[in-house]
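Residues per chain, in single letters:
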Amino acid sequence: MSLEAEVRQLKDDRHAVLLAHNYQRPEVQDVADFVGDSLYLSRKAMETDRPVIVFAGVRFMAETAKILNPSRTVLLPDLKAGCGLADSITADLLRDWKAQHPAAVVVAYINTSAEVKAEADYCCTSSNAIKVVSGIPADREILFLPDMFLGDYVRRKTGRKMHLWVGDCPVHAKMRPEDLLRARAEHPGAPVLAHPECGCASQVLPHVDHVLSTDGMVRFAEETRAPEVLVATEVGILHRMRQLNPTTKFTPLDEGTVCPFMKQIDLTDVRDSLLLGQHVIDVPPEIAARARLALERMVAS
Ligand code: 13P
Ligand code: SF4
């Protein structure tokens with residue numbers, strides 16, 4: 001039996017749902033029940049009636065699934081699948097920051113640990129950050145964390161005064177404005193899609209046609225008639241874009257934009273995860289209870 005067939009069989013045997021992020025390896029995406037961005041997968045995790053959720057993504061996504069649907073067993077096939085951005089802030093650091101702004105509302109990007117989410121009032125993802133921030137009463141001071149580029153983008157779009165945590169994604173932040181401008185010159189007429197975590201996107205916003213979450217990019221790919229599109233995000237997303245629209249040429253801004261955390265999990269890890277029930281992700285109940293409110297506000301937005 002092929003590895004792919006084995007995974008499909010085990011999913012049935014274990015009554016498991018396999019969720020895969022848009023950056024996952026193509027072969028993992030192809031056997032998943034649902035592929036999408038952080039918000040979509042959070043909703044799918046919350047809604048599932050299957051007892052086991054295998055999360056082909058990174059740890060904060062698996063933790064989020066556990067918090068939103070605590071009676072399910074949540075498995076992360078490789079514990080090395082972390083997130084450089086989530087590591088840029090700890091709950092202790094956030095508590096110190098909050099102590100300096102005691103009246104502020106805290107908005108935490110989903111790319112944070114469960115302990116950090118437990119200190120937040122709202123969570124958001126790249127696809128609903130503007131909506132979440134816009135819904136906060138205008139007179140409230142806001143602490144936004146941990147991605148300064150996403151925060152800066154939301155601040156410009158909403159006109160809200162926000163204090164930004166100085167954190168970034170090691171994969172997206174290294175994209176420089178000059179790379180984007182050069183790519184534009186080399187591919188005239190090609191629309192540019194950029195993830196809001198990109199360092200280049202917030203610095204050269206006028207040169208980016210669409211700032212989108214990963215699912216926003218996938219929807220754009222489905223609908224576009226453009227002969228070529230430039231894509232500034234992790235290259236794993238190109239698989240789905242090309243599958244959905246074989247006519248358009250999807251060109252990465254930089255082929256080297258690869259998230260090592262998102263590439264930890266391969267099909268063998270998924271098979272072993274289902275076979276051996278590994279690795280179980282648990283969140284201490286008192287942390288989960290505090291984080292759940294912020295996450296429920298996120299999924300409702
Ligand atoms: P999305 O929510 O847009 O999928 O982004 C998740 C992420 O980790 C981006 O680096
Ligand atoms: Fe984290 Fe960046 Fe990887 Fe996304 S691309 S999972 S933010 S390190």
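Going by the structure above, here's the rest.
All residue numbers refer to positions counted from 1 along the written sequence of the respective chain. Labels are handed out in written order, letters beginning with A for the chains and numbers beginning with 1 for the ligands. Reporting of local features is limited, given that this is a predicted model, to residues whose pLDDT is at least 70; pairs of side-chain atoms are given and counted only at 80 or more, and all residues count toward the totals for whole chains, interfaces and linings. Side-chain measures were taken over the full set of non-hydrogen atoms in the model, leaving aside hydrogen atoms and water.

Asks: Can you tell me about the overall build of the protein chain, naming the residues and giving the values?
Replies: Looking only at helices and strands, the protein chain has 14 helices and twelve strands in total. The globule rule is 2.2 Å times the number of residues to the power 0.38, and the radius of gyration it is compared with is taken over C-alpha atoms. Its C-alpha radius of gyration of 19 Å places the protein chain within 12% of the 19 Å reference for a compact globule of 301 residues. By principal-axis analysis of the C-alpha atoms, the protein chain measures approximately 55 × 50 × 25 Å. Residue burial is assigned from relative accessible area. The probe radius is 1.4 Å, only protein chains are included, and a residue is buried under 20% of its type maximum, exposed over 50%, and partly exposed in between. For the protein chain, buried positions account for 58% of its 301 residues. Should any heavy atoms of two residues lie within 4.5 Å, those residues are considered in contact. When contacts within the protein chain are restricted to residue pairs at least 6 apart in sequence, long-range pairs at least 24 apart make up 62% of them. Think of it this way: any DSSP run of H or I at least four residues long counts as a helix, any run of E at least two long counts as a strand, and we number them from the N terminus.

Asks: How would you summarise the sheet that holds strand β2 (residues 34–36) if you had to cite specific residues and measurements?
Replies: In space, the four strands of this open sheet follow the order β2-β1-β3-β4, with parallel pairing throughout. Two strands lie at the open edges of the sheet, namely β2 and β4 (73–75), each paired on one side alone. Across the sheet, the mean angle from the axis of one strand to that of its neighbour is 20°, orientation sign disregarded. At least two DSSP bridges between two strands are required for those strands to pair. Throughout, an axis means a line fitted to C-alpha atoms (over the contacting stretch in the case of helices), and angles, computed between N-to-C directions, take values from 0 to 180 degrees.

Asks: How would you summarise the packing of helix α3 (residues 38–47) against helix α4 (residues 59–68) if you had to cite specific residues and measurements?
Replies: A pair of packed helices is characterised by two quantities: the angle between their axes and the separation of those axes. It is the contact of α3 with α4, at a shortest axis distance of 8 Å, that shows an interaxial angle of 35°. The hand of the α3/α4 crossing is right-handed. Contacts between α3 and α4 pair S38, S42, A45 and M46 from the former with M61, T64, A65 and L68 from the latter. Residue polarity is assigned by list, with Asp, Glu, Lys and Arg as charged and Ala, Val, Leu, Ile, Met, Phe, Trp, Tyr, Cys and Pro as nonpolar; anything else, Gly included, falls into the polar class. Classifying every residue of the contact of α3 with α4 gives five nonpolar, three polar and no charged. Take the far helix as the reference: if the near one is turned anticlockwise from it by less than a right angle, the crossing is left-handed, and if turned clockwise, right-handed.

Asks: Provide a residue-level description of the sheet that holds strand β5 (residues 105–109), including the pertinent values.
Replies: The parallel open sheet is built from four strands, whose spatial order is β6-β5-β7-β8. The open sheet terminates on both sides in strands that have one partner only, identified here as β6 (122–124) and β8 (162–164). The sheet shows a mean angle of 25° between the axes of neighbouring strands, direction not considered. Bridge analysis of strand β7 (residues 142–145) against β8 gives three bridges, and the strand direction is parallel. Bridge assignment links F144 to a residue of β8, and that residue is L164. This element, helix α8 (residues 148–158), spans β5, β7 and β8 of the sheet and lies at about 165° to β8.

Asks: Go over the packing of aromatic side chains, please, and point to the residues and values.
Replies: The aromatic pairing rule takes the rings of Phe, Tyr and Trp, using the six-membered ring of Trp, and pairs them if the centres are within 6.5 Å, calling planes under 30 degrees apart stacked, those over 60 edge-to-face and the rest tilted. For the structure shown, the criterion picks out two aromatic pairs. The interplanar angle of 65° and the centroid separation of 6.4 Å between the aromatic rings of F34 and Y40 together place this pair among those described as edge-to-face. For Y40, a relative accessible area of 29% puts it in the partly exposed group. With centroids separated by 5.2 Å and ring planes inclined at 65°, the aromatic side chains of W97 and W165 adopt a geometry described as edge-to-face. Taken together, the residues W97 in helix α5 (residues 91–100) and W165 in the loop between β8 and α9 (177–186) connect sequence positions 68 residues apart. We classify W165 as buried; its relative accessible area is 16%. A ring is considered to have a charge above it if a Lys NZ or an Arg CZ atom is located within 6 Å of its centre and within 35 degrees of its normal. Over the ring of Y122 we find R297, and its NZ or CZ is 4.6 Å from the ring centre.

Asks: Give me the lowdown on the site of ligand 1, citing residues and values where you can.
Replies: A single heavy atom is enough: if one lies within 4 Å of a molecule or strand, its residue is considered near that molecule or strand. Taken together, the residues surrounding ligand 1 are H21, Y23, D37, S38, N111, S126, H172, H195, E197, S213 and T214. Polar contacts, as used here, are pairs of N or O atoms within 3.5 Å; protein pairs need one atom able to donate a hydrogen and one able to accept it. Residues neighboring in sequence count only if both atoms are side-chain atoms. Contact between ligand 1 and E197: an oxygen atom at 2.8 Å from a side-chain N or O atom of the residue. T214 places a polar side-chain atom, nitrogen or oxygen, 2.6 Å from an oxygen atom of ligand 1. For the shell around ligand 1, the per-class residue count stands at one nonpolar, eight polar and two charged.

Asks: Describe the site of ligand 2, listing the residues and the values that go with them.
Replies: All residues in the neighbourhood of ligand 2 are listed as C83, G84, L85, N111, C169, H172, E197, C259, F261 and M262. Residues of the shell around ligand 2, tallied by class, amount to six nonpolar, three polar and one charged.

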